[in-house]
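Spelled out from the first residue to the last, the chains are:
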Amino acid sequence: MHDIKHSSHAGLDTAAIRDAAKNLDDGAVTVGYQADRKEIIDMLNGALATELVCVLRYKRHYYTVSGLQNGPVKAEFLQHAMEEQAHADLLAERIVQLNGSPDFNPATLIERSHAEYDDSGSIQSMIKANLIAERIAIEAYRQMIERIGEKDPTTKHMLIGIMAMEEEHADDMRDLLV
């Protein structure tokens, strides 16, 4: 007979692994989850609000930019809007995985967002507003990643991926300014 109560396979805590089978209502969150779930969900809801505001801003800019020479800029705005929506979807899915509720309430969206909405009329103002918003998002994600540290590797890796795309967006907007 093998004693399986506290055995260790390759340095793993078998008892803790077996405990993961308990509390099925917690879904993906096991007893080994080290982060403060409420704090992470709150951070992710702030990021979700930011991404939703960015979708709205880019969509508005896409529909209102005019001029034959601005076709490539218009296409860039649409692409960024779709990518920001994909970020929002990732964030909402992660919030649900952590047994939270994604906050899509439009009444409080602007106050929860790190970035601002923009209704500029000139193309240069639109590009500048988007660059500012991307830089804000980058810094917010950097701070979230730092705060999470190694306590929630899944959320951390997701945020790193989103931040990398926000950095690409910032570069795109900067290139359009010159």
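Our structure is the block above this text.
All values reported here derive from a predicted model rather than from experimental measurement.

K.L.:
So what exactly am I meant to see when it comes to the packing of aromatic side chains here?
P.N.:
Given two aromatic rings, one states the distance between the centres and the angle between the planes to describe the pair. On inspection of all chains with the given rule, the structure shows 2 aromatic pairs. Plain terms: the ring middles of tyrosine 58 and phenylalanine 77 are 6.1 Å apart, the flat faces sit at 50 degrees to each other, and that makes the pair tilted. With tyrosine 58 in helix 2 (residues 37–64) and phenylalanine 77 in helix 3 (residues 71–97), this pair connects stretches of sequence that are 19 residues apart. Considered together, tyrosine 58 and phenylalanine 77 belong to a single accessibility category, that of buried residues. Centre to centre, the rings of tyrosine 62 and tyrosine 63 are 4.8 Å apart; their planes meet at 70 degrees, and the pair counts as edge-to-face. Over the face of the ring belonging to tyrosine 58 we find arginine 57, whose NZ or CZ atom lies 5.2 Å from the ring centre. Residue placement shows lysine 74 over the ring face of tyrosine 62; its charged tip is 5.0 Å from the ring centre.

K.L.:
Just to check I follow, could you spell out the packing of helix 2 against helix 5 (residues 123–148) for this structure?
P.N.:
Contact geometry for helix 2 and helix 5: axes closest at 11 Å, N-to-C directions at 165 degrees. Between helix 2 and helix 5, the angle falls in the class roughly antiparallel. The two elements helix 2 and helix 5 cross, and the hand of that crossing is left-handed. For the pair helix 2 and helix 5, the contacting residues are Glu39, Ile40, Met43, Ala47, Glu51, Cys54, Arg57, Tyr58, Arg60, His61 and Thr64 in the first and Met126, Ala129, Asn130, Ala133, Glu134, Tyr141, Met144, Arg147 and Ile148 in the second. Counted by class, the contact of helix 2 with helix 5 contains 11 nonpolar, 3 polar and 6 charged residues.

K.L.:
Help me out: how do you make sense of unusual backbone geometry in this one?
P.N.:
Backbone geometry at asparagine 99 places phi at a positive 65 degrees, although glycine is not the residue there. For asparagine 99, the location among the structural elements is in the loop between helix 3 and helix 4 (109–112).

Parameters at a glance
- Residues numbered from 1 in each chain as written.
- Predicted model: local features only at pLDDT ≥ 70, side-chain atom pairs only at ≥ 80, totals over all residues.
- Heavy atoms only, no water.
- Phe/Tyr/Trp six-rings, centres within 6.5 Å; stacked < 30°, edge-to-face > 60°.
- Helix = DSSP H or I, 4+ residues; strand = E, 2+ residues; numbered from the N terminus.
- Buried < 20%, exposed > 50% of the residue type's maximum accessible area, 1.4 Å probe, protein only.
- Lys NZ or Arg CZ within 6 Å of the ring centre and 35° of its normal.
- Axes fitted to C-alpha atoms, helices over the stretch in contact; angles between N-to-C directions.
- Parallel < 35°, antiparallel > 145°, perpendicular 65-115°, else oblique.
- Left-handed = near helix turned anticlockwise from the far one by under 90°.
- Contact = heavy atoms within 4.5 Å.
- Nonpolar A, V, L, I, M, F, W, Y, C, P; charged D, E, K, R; others polar.

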